[in-house]
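This is what each chain is made of:
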Amino acid sequence: MAYCVKKSQMNSIKSRIKILLLKLRLFHVNVKRLDAWTYLGQYTILKTDKTSCIYLNEHISINNYVSLFAEDHADIILGKRVYIGDYTTIRASRTKVEIGSNTMLAQGVQLISTNHAFSNRHQLIHEQDIDTLKIGIKIGNDCWLGAGSIVLPGVTIGDGAVIGAHAVVTKNIPEYAIAVGNPAKVIKFRN
């Protein structure tokens, strides 16, 4: 006995199978909101502990060799249609890393949400807590972070901003600004 599957049913079946395969791949990761348009490249690592979560919105594309780590009551939140290039690392610990919708991260971008405190010279650095004055990262909608750029803790990048390749972002970047260099400085604004 033959069973006929309509094209619309086939797309629905493929979508469900793809979501199931993604869920199996991410079995030990606390991930919210997977959809059929989520793409995870080869050798991509998404890792959470029981107190943290990675939120993936619709149409997310995470390419090869990307690492997303959320630990110790942290969240990584990706908006809709976020693109993350190869070899990118996003690390959240005790805080949030938020990336707005339609934002693109090129290859080798690093988002680092916390840093060690080191002010007490009579105590080993690894025994000191994190620097609580600068924590978390927020990147707005429609941003572009160039290849090899680094965003340090406590930084907010406004909507529509562009960060040049290999820039090191240590301070907030206003909306629609174009920032380059180490440390990153605004050189002009988008029209």
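What counts and what doesn't
- Residues numbered from 1 in each chain as written.
- Predicted model: local features only at pLDDT ≥ 70, side-chain atom pairs only at ≥ 80, totals over all residues.
- Heavy atoms only, no water.
- Buried < 20%, exposed > 50% of the residue type's maximum accessible area, 1.4 Å probe, protein only.
- Helix = DSSP H or I, 4+ residues; strand = E, 2+ residues; numbered from the N terminus.
- Pairing = 2+ DSSP bridges.
- Core = buried A, V, L, I, M, F, W, Y, C linked by side-chain atoms within 4.5 Å.
- Contact = heavy atoms within 4.5 Å.
- Phe/Tyr/Trp six-rings, centres within 6.5 Å; stacked < 30°, edge-to-face > 60°.
- Salt bridge = Lys/Arg side-chain N within 4 Å of Asp/Glu carboxyl O.

Colleague: Before we move on, can you summarise the pairing of strand β3 (residues 45-48) with the specific residues and values?
Modeller: Side chains of β3 alternate between two faces, with Leu-46 and Thr-48 buried and Ile-45 and Lys-47 left unburied. The pairing of β3 with strand β6 (residues 67-71) spans four bridges and is classified as parallel. Paired with Leu-46 across the strands is Leu-68, a residue of β6.

Colleague: Could you give me a rundown of unusual backbone geometry, with the residues and numbers involved?
Modeller: A cis amide bond, omega -5 degrees, links Asn-182 with the succeeding residue Pro-183. Within the secondary structure, Pro-183 sits in the loop between β19 (177-180) and β20 (185-189). The backbone of Asp-142 shows a phi angle near 55 degrees, a positive value even though the residue is not glycine. By relative accessible area, Asp-142 is classed as partly exposed at 39%.

Colleague: Can you explain the nonpolar core? Please cite residues and give values.
Modeller: Residues Leu-78, Leu-111 and Ile-157 are the most contacted members of the largest nonpolar core, which totals 36 residues. Counting residues per element, the ones that place at least two in this core are β4 (53-56), β6, β7 (75-78), β9 (89-93), β10 (96-99), β13 (137-139), β16 (155-157) and β19. Contact partners of Leu-111, with chain neighbours within four places excluded, come to Thr-89, Ile-90, Arg-91, Val-97, Ile-99, Leu-105, Ile-137, Ile-139, Leu-145 and Val-151.

Colleague: Residues and numbers for the packing of aromatic side chains, please.
Modeller: Each aromatic ring pair is specified by the distance between its two centres and by the angle formed by the two planes. Following the criterion strictly, the structure yields two aromatic pairs and no others. With 5.1 Å between their ring centres and 20 degrees between their planes, Tyr-43 and Tyr-65 make a pair best called stacked. Here Tyr-43 is found in the loop between β2 (39-40) and β3, whereas its partner Tyr-65 is found in the loop between β5 (61-62) and β6, with 22 residues between them in sequence. Tyr-43 gets classed as exposed once you look at its relative accessible area, which sits at 57%. With a centroid separation of 4.9 Å and 0 degrees between ring planes, the pair formed by Tyr-65 and Tyr-87 is classed as stacked. Placement of Tyr-65 in the loop between β5 and β6 and of Tyr-87 in the loop between β8 (83-84) and β9 is noted, with a sequence separation of 22 residues between them. Counting every residue linked through ring pairs, the aromatic cluster contains Tyr-43, Tyr-65 and Tyr-87.

Colleague: Any chance you could break down the pattern of salt bridges for me, citing the residues and the numbers?
Modeller: For the structure shown, the criterion picks out three salt bridges. As a salt-bridge pair, Arg-190 and Asp-142 come within 3.6 Å of each other at their nearest N and O atoms. Of this pair, Arg-190 sits in the segment after β20 while Asp-142 sits in the loop between β13 and β14 (144-145), and the two are 48 residues apart along the sequence. A single salt-bridge network, built from bridges that share partners, covers Asp-72, Arg-94 and Asp-129.

Colleague: So what about the pairing of β9? Which residues, and what values?
Modeller: Examined bridge by bridge, β6 and β9 share five bridges and lie parallel to one another. Paired with Leu-68 across the two strands is Ile-90, which belongs to β9. Direction of pairing for β9 relative to strand β12 (residues 110-112): parallel, over a ladder of three bridges. Each residue of the ladder has a partner; that of Thr-89, found in β12, is Gln-110.

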